[in-house]
Amino acid sequence: MCPVFDRLGRDIAHRPRLTVFIWILLVGGCLALALTGVGGQGLFDRLHSGEPRVPGSQSQIGSDIVADNDETGETISLVVQGVDLADAEAVSTAGRAAATLHTTLLAIEGVESVVDPFVFPGGPAAEEAAAFVSTAQDGFFVSVTLEPDAPDAAHDEVVTELEEFPAAASDGATGLVSSSPIVTDEIIGQLQTDLARGEAVALPISLLIMIVVFGGFLTAGMPLAGALASIAGGLGALYGFSYVLDLDSVVVNVVTVLGLGLSIDYGLLIVSRFREEIQAAAAAEAELGSGERRQRGGKGRHGVDPVLVRALRRTMTTAGRTVTFSAVTVAVSIAGLLLLRPDILKSLGAAGVSVVIIAVASALTLVPALLVLVGRRMLQPSVLTKVPVLRSLIGKLGDVAPEHGFFSRLAGVVQKRPWVVLVLTTVVLGLLASPVLGLQLRNSTTELLPRDSDQRDFIDVVQADYPLLATPAIQVLVEADPAQAQAFADEIATLPDVEGVNPPTAVGTEYHLIGVRPDTDEAGGEVATGVVEEIRALETGDGAPEQIWVLGQAANQLDFTDALIEGLPWAVGIVVLATFILLFLMTGSLLVPLKALLINVLSLGASLGITTWIFQEGHLSGPLGFTSTGGLESYVVAIVIAFGFGLAMDYEVFLLARIKEFYDATGDNDLAVRRGLQQSGRIITSAALVIVVVFAGFATGELIAIKQAGVALALTVLVDATLVRMLLVPATMTLLGHWNWWAPKPLRRLHKRFAIQH
């Protein structure tokens, strides 16, 4: 008996209403903070979007230098389409409208300049205006620059005027307006839409699954109540983190999905064990004589049914302990992200750990309190059993797992031919993992937006029709005088796969920026990254620039990958060591933790392999609604490894806890495996099904990074809960036999002293 969990169960059983009331206050406060914040700025107002920052990297240092020397304000751009610039009358009409637009815009406080082809002598036909005229002569470009200290309202006023301008310029003309705030707002707006859509898909289906598993609305609603509380608490925690960390827009969705899935997982385990304990207690009470039953069945201290108190205390010392242990292993795996340099991974690590804490807190306090308040009504048949079609299904699944059933029979089949199951399962997992060998990483920016996004259309039009205004895929910042900068630009132009180089432009007094156009349409592809590496290999000093910094998506991508490679050994080493120690303290074995770690590597490899096959190679792009960027987002891969490892360990703990419980009671390894799988198999399968639905629900969103993470994590859980937990784990534990629980004598003494016991 674990005194901490026993005492927690007793206290909650005696004060369930107070516990629920405290959670209502916490949920209300967290939602208020997340939605409205302090001073009217909520969580979504504090998010940002863009290339992932890698502090200390060459690309980040260069970007910071450019930003520090940039004395101009925000630029707002308009692409006008559908104006025939070869028609003199059309040019005249558009010119008059442009003159009116200039007057209107310059009258807005904070507008510094307005440039379009009509401001040049000679208009669109002038050589100086070429950059602002479409290559097809069917439109033109308008650029508005704000003063550095322009009021916030200036941006919105300019955008409104630009949106209305095309109709005045020509009948049938259309326009696309863009700026950094507009792109960020569109990404964050899409994130909010995806979040709402994911919850709208995941929550009802999850509730339906749990209704079937538990046989009624009342019981099924409790894990969901814990999940909703965790979502609210997680959003509140993220709002707090936004003041100490730069939160990327994807953090909210990823962390919300994690909190939702874990809360339902943990809630399922608590509710299932409580049902098991209360049914056992009710059956024991029914066998008592009427006098003793009246004596033991009356209200105890605080007016709570003693049977409920005993059932909850037993639940907390078993399932509560397992949930806590599982949460610690998940938190440890996610905390590994804190050891990596990229800001987005640090923020995901910090926010992820906080959400795990909130999820386990709701499972250990809110859900038990609701169970006590419902009490023996959990034993009453659900109204759904009155429906003939559902009666048989709910009657079978809603009951406590019998001693013998499907999962024990499955374990028995595996135990008859463990070597065959081991080899076949390993081969299948290896084949599923094989696409990882060709994995390409990407750090996409606007490519993250949906295919029908106006901002993606704007960038495509600028790249195709206004090449002189398009931002080069690669930029090189040099510390040099104008002559040295031009000589270096000429040298870059001779490199293979370089299509063209823009003339150097001054950045402050000491630097120049050179735009490089690689011979590729993929800003983060192999050609672009190859050009970056070639530029970085060029000699500096002795007449060349003293120092260079290569910027852009490909450079940032290379720096991000280097940061991962640099920090991964430390992160993985610490996570593996911590997980090994935790599993040893739980089982007293050296082989079980080692086996669990190796199996999890296979499981993660398989899920990443399938994800690579889908998103990098473009398979299922139609049904899933995405356009391949040629690889997986680099931070998504890190998320899948960290979160996926934690989720895999989650189910490992669920299964091992029951097997160890039966092994300690019987001393029979094979029997413990069969009974452990039988008692935990349905919960693992149900929890996995729910969490797959949760992740798949969020994969229905439009942002490709969220889609990749949702699909990858859903696959991780699916593979782990089927091939791994149901087949590979029973096979390996059968083959090892009593060696599963082996440890040297000194470590056995250590385990006896510090073990995490029931």
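Residues numbered from 1 in each chain as written. Predicted model: local features only at pLDDT ≥ 70, side-chain atom pairs only at ≥ 80, totals over all residues. Heavy atoms only, no water.

1. Thoughts on the overall build of the protein
To keep things clear, this is the line we draw: By the criteria applied, helices consist of DSSP H or I runs no shorter than four residues and strands consist of E runs no shorter than two, each listed in order from the N terminus. Burial classification: accessible surface area is computed with a 1.4 Å probe over protein chains only, and a residue below 20% of its type maximum counts as buried, one above 50% as exposed, and the rest as partly exposed. Whether two residues are in contact is decided by their heavy atoms, any of which lying within 4.5 Å being enough. All accessible areas in this document rest on Shrake-Rupley with a 1.4 Å probe, and a residue is counted as covered only by the protein chains that are shown. Charge assignment: positive for Lys and Arg, negative for Asp and Glu; neither His nor the chain ends contribute. Charged groups are reduced to one reference atom each: NZ for lysine, CZ for arginine, CG for aspartic acid, CD for glutamic acid.
Counting secondary structure elements, the protein contains 24 helices and 11 strands. Once the C-alpha set of the protein is aligned to its principal axes, its extents read approximately 105 × 50 × 45 Å. Across the 758 residues of the protein, 56% fall into the buried class. Across the protein, contacts joining residues at least 24 apart in sequence account for 80% of those joining residues at least 6 apart. Summing over all exposed atoms, the protein offers an accessible surface of approximately 31,300 Å²; the carbon and sulfur share of this is 60%. The average position of the 47 basic charges and that of the 78 acidic charges among the side chains of the protein differ by 33 Å.

2. Focus: the side chain of Ser680
The condition is simple: We call two N or O atoms a polar contact when they sit within 3.5 Å, provided that within protein one can donate a hydrogen and the other can accept it, with sequence-adjacent residues counted only if both atoms are side-chain atoms.
Note that Ser680 resides in helix α22 (residues 669–698). A distance of 2.6 Å separates a polar side-chain atom of Ser680 from the backbone oxygen of Gly676. Contact partners of Ser680, with chain neighbours within four places excluded, come to Phe654, Leu655 and Arg658.

3. A word on the packing of aromatic side chains
Counted only if it meets this: Any two rings among Phe, Tyr and Trp, with Trp reduced to its six-membered ring, count as a pair given centres within 6.5 Å; such a pair is stacked if its planes are under 30 degrees apart, edge-to-face if over 60, and tilted if neither. As a reminder, the over-ring test applies to NZ of lysine and CZ of arginine, requiring each to be within 6 Å of the ring centre and within 35 degrees of the ring normal.
For the structure shown, the criterion picks out 13 aromatic pairs. Summarising the aromatic geometry, the rings of Phe406 and Phe407 are spaced 5.1 Å apart at their centres and angled 80 degrees between planes, so their arrangement reads as edge-to-face. By relative accessible area, which is 52% here, Phe406 ends up exposed. Taking relative accessible area as the criterion, Phe407 reaches 12% and is therefore assigned buried. An aromatic cluster of three or more residues is present, and its members are Phe120, Phe132, Phe141, Phe458 and Tyr466. For Arg46, the ring lying beneath its charged end belongs to Tyr243, and the centroid distance is 3.7 Å.

4. Re helix α2 (residues 16–36)
Applied cut-off: How far a helix is expected to stretch is found by multiplying one less than its residue total by 1.5 Å. Taking the helix axis as origin, the arc is that swept by the directions to the C-beta atoms.
An ideal rise of 1.5 Å per residue puts 30 Å on 21 residues; α2 measures up with 30 Å between its terminal C-alpha atoms. When we look at burial in α2, the residues that qualify are Pro16, Thr19, Val20, Trp23, Cys30 and Ala34. When α2 is viewed along its axis, its buried side chains cluster within an angular range of 95 degrees and face the same direction. The exposed set on the far side of α2, more than 90 degrees from its buried face, consists of Arg17, Ile24 and Leu25. Looking at the packing, one finds that the buried side of α2 touches α1 (3–14), α7 (217–241) and α11 (343–374). Positioned one or two residues after α2, Gly37 has a phi angle of 65 degrees, which is positive.

5. Quick notes on the environment of Leu218
Along the polypeptide, Leu218 turns up in helix α7. Relative accessible area serves as the criterion here: at 42%, Leu218 is assigned to the partly exposed category. C-alpha of Leu218 to C-alpha of Gln616: the two residues are 398 residues apart in sequence and 43 Å apart in space. Among residues more than four places away in sequence, those in contact with Leu218 are Val374 and Arg377.

6. Things to note about the confidence of the model for the protein
For clarity, the cut-off: Known as pLDDT, the predictor's confidence for each residue is given on a scale from 0 to 100.
Averaged over the protein, the pLDDT score is 85; the fraction of residues at 70 or greater is 92%. Taken element by element, the predicted model of the protein shows its lowest mean pLDDT in helix α9 (residues 290–297) (48) and its highest in strand β1 (residues 75–81) (95). Confidence drops under pLDDT 50 across residues 290–297; counting only partners more than four residues distant or on other chains, this segment forms eight contacts.

7. Thoughts on helix α17 (residues 526–536)
Within α17, the full set of buried residues consists of Ala528, Thr529, Val531, Val532 and Ile535. Buried residues in α17, looked at end-on, bunch into an arc of 155 degrees, giving them a common side. The inward-facing, buried residues of α17 contact β6 (474–479), α16 (482–493), β7 (498–501), β9 (511–518), β10 (547–552) and α18 (553–587).

8. Remarks on the pairing of β10
The test is simple: Between any two strands, at least two bridges found by DSSP are needed for them to pair.
In terms of burial, β10 is largely enclosed, as five of its six residues are buried. Bridge count between β6 and β10: six bridges; the pairing is antiparallel. Following the sheet pairing, Gln475 is matched in β10 by Leu551.

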